[in-house]
Amino acid sequence: MEVYLDNSATTKSYACVAETVSKVMVDDYGNPSSMHMKGVEAERYIRWAKEVIAGNLKVSEKEIVFTSGGTEGDNLALIGAAAASRRAGCHIITTCIEHPAVLQTMRYLENQGFQVTYLPVDRYGILNLEDLRCAIRRDTILVSIMHTNNEVGSLQPIEEAGALIKSINPRIIFHVDAVQGYGKFRIYPKRMHIDLLTVSGHKIHGPKGVGFLYINEKVRISPIVFGGGQQKGMRSGTENVPGIAGLGRAVEKIYENLEEERAAMYGLKEHFIRGVLQIPDIRINGLTGEKSAPHVVSVSFRGIRSEVLLHALEEKGIYVSAGSACASNKAPKPSDTLRAMGVEKDLLDSTLRFSFSVFTTEEEIDYTLQTLYDIVPMLRKYTRH
């Protein structure tokens, strides 16, 4: 049996998405900037995808900019907003458990002369709103908080944070990295006081290499890619029409039966947690149940290196992660998120992430649990102390 439990890293595309992408690549392959009919056909896909996404978010179509994914979206949002607001101040706020696409961009902005405050989280990986309130200064121009943590599934109080920020200074720009939360929850930027929202296609059963950034029409940001002036100059370059069409179809599909499919994932998560807790000396990192994301479980197995257990599961056809996929070409290293949550030092290198999707079955969960029951005691037996 093959069991894929690394859906926080990437997801299997819906069949309808693959069909849409193929049709655009093979039949409707025109450049959307061309004036002839092939170009017009391609442009229709872009307009249609904008309509789908804008309708889903309850925003205007002109507020959607297509990107190559979450990393570019975060870079455009943060660098663009900071550059456009520099005269108003130089202070930025984020949390210490953000994705590297945010944290590394913050390091870049620090090198450009901006001051960044990194807010702590509690043992469940959740921001304290009072810490946010105290961090806001007269020269604060930008706040960036992720919706759903990619490693432990913690949910941040986004709507409350947005309301707090705007009550103190309506001109502060609020960015939310929703790469892990979009497609799992209904997100309405206007209601939640979100100015910039980052989404990636391959996390919602869409294509890799495409995503979008919502930009509130009242917010000014500077582009970071220059060229032919596509997308009203906000993101130059020929649009990835097959990817954009596939993204639009994925958004349609994943929100068709969102509540039912999310409830099913919560059920699988509860079933998995109940089963894995039968193993001695393990720890579930973060909250469980509906106070957390429906698709992510972080488990520390005391006495076993995560890399060893990951490959032992792989030999049984089970694919999981040792943390964020952002460093997939490197050996696993202790997680900054787990450190920030105060996880014991001896568990930092003993943690795996199991992440589910709409395609995950109870049979796959049972097989994974039985495999863990078999191999964890064996690996512990041969671990040097």
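Residues numbered from 1 in each chain as written. Predicted model: local features only at pLDDT ≥ 70, side-chain atom pairs only at ≥ 80, totals over all residues. Heavy atoms only, no water.

A.B. asks: Looking at this structure, I do not really get the sheet that holds strand β12 (residues 351-355). What am I missing?
C.D. replies: In any sheet, the strands associate via hydrogen bonds between backbone groups, in a parallel or an antiparallel arrangement. Taken in spatial order, the three strands line up as β9-β10-β12 in an open sheet, and their pairing is antiparallel. This sheet does not close on itself; its edge strands, each paired only once, are β9 (282-285) and β12. On average, adjacent strands in this sheet sit at an angle of 25 degrees to one another, irrespective of strand direction. Packing against the sheet, helix α10 (residues 306-315) makes contact with β10 (296-301) and β12, and its axis sits at approximately 40 degrees to β12. Contacting β9, β10 and β12, helix α12 (residues 362-381) crosses the sheet at an angle of about 20 degrees to β10. (Pairing = 2+ DSSP bridges. Helix = DSSP H or I, 4+ residues; strand = E, 2+ residues; numbered from the N terminus. Axes fitted to C-alpha atoms, helices over the stretch in contact; angles between N-to-C directions. Contact = heavy atoms within 4.5 Å.)

A.B. asks: Please explain the packing of aromatic side chains as it appears in this structure.
C.D. replies: Each aromatic ring pair is specified by the distance between its two centres and by the angle formed by the two planes. Scanning the entire structure with this criterion turns up six aromatic pairs. Three or more aromatic residues joined by ring pairs make a cluster, and in this case those are Phe272, Phe301, Phe354 and Phe356. The cationic tip of Lys38 hangs over the ring face of Tyr29; the distance from NZ or CZ to the ring centre is 4.5 Å. In this arrangement the basic side chain of Lys253 is found over the ring face of Tyr14, its NZ or CZ atom lying 6.0 Å from the centre. (Phe/Tyr/Trp six-rings, centres within 6.5 Å; stacked < 30°, edge-to-face > 60°. Lys NZ or Arg CZ within 6 Å of the ring centre and 35° of its normal.)

A.B. asks: Quick question: what am I supposed to make of α12 here?
C.D. replies: Residues separated by three or four positions in an α-helix point in the same direction, a consequence of the helix having 3.6 residues per turn. Taking 1.5 Å of rise per residue, 20 residues should cover 28 Å, and α12 covers 29 Å from first to last C-alpha, within 8% of that figure. Along α12, the residues classified as buried are Glu364, Ile365, Thr368, Leu369, Thr371, Leu372, Ile375, Val376, Leu379 and Arg380. (Expected span 1.5 Å × (residues − 1). Buried < 20%, exposed > 50% of the residue type's maximum accessible area, 1.4 Å probe, protein only.)

A.B. asks: What is the right way to read the nonpolar core from this model?
C.D. replies: For soluble globular proteins, nonpolar side chains are generally found buried alongside one another. Counting residues in each nonpolar core, the largest one holds 51 residues, and the members touching the most others are Leu132 and Tyr182. With eight residues, helix α2 (residues 37-57) is the largest single contributor of residues to this core. Core analysis: the next-biggest nonpolar cluster, separate from the first, contains 28 residues, Leu268, Val276, Ile282 and Val320 among them. (Core = buried A, V, L, I, M, F, W, Y, C linked by side-chain atoms within 4.5 Å.)

Coordinates in, geometry out; function isn't part of it.
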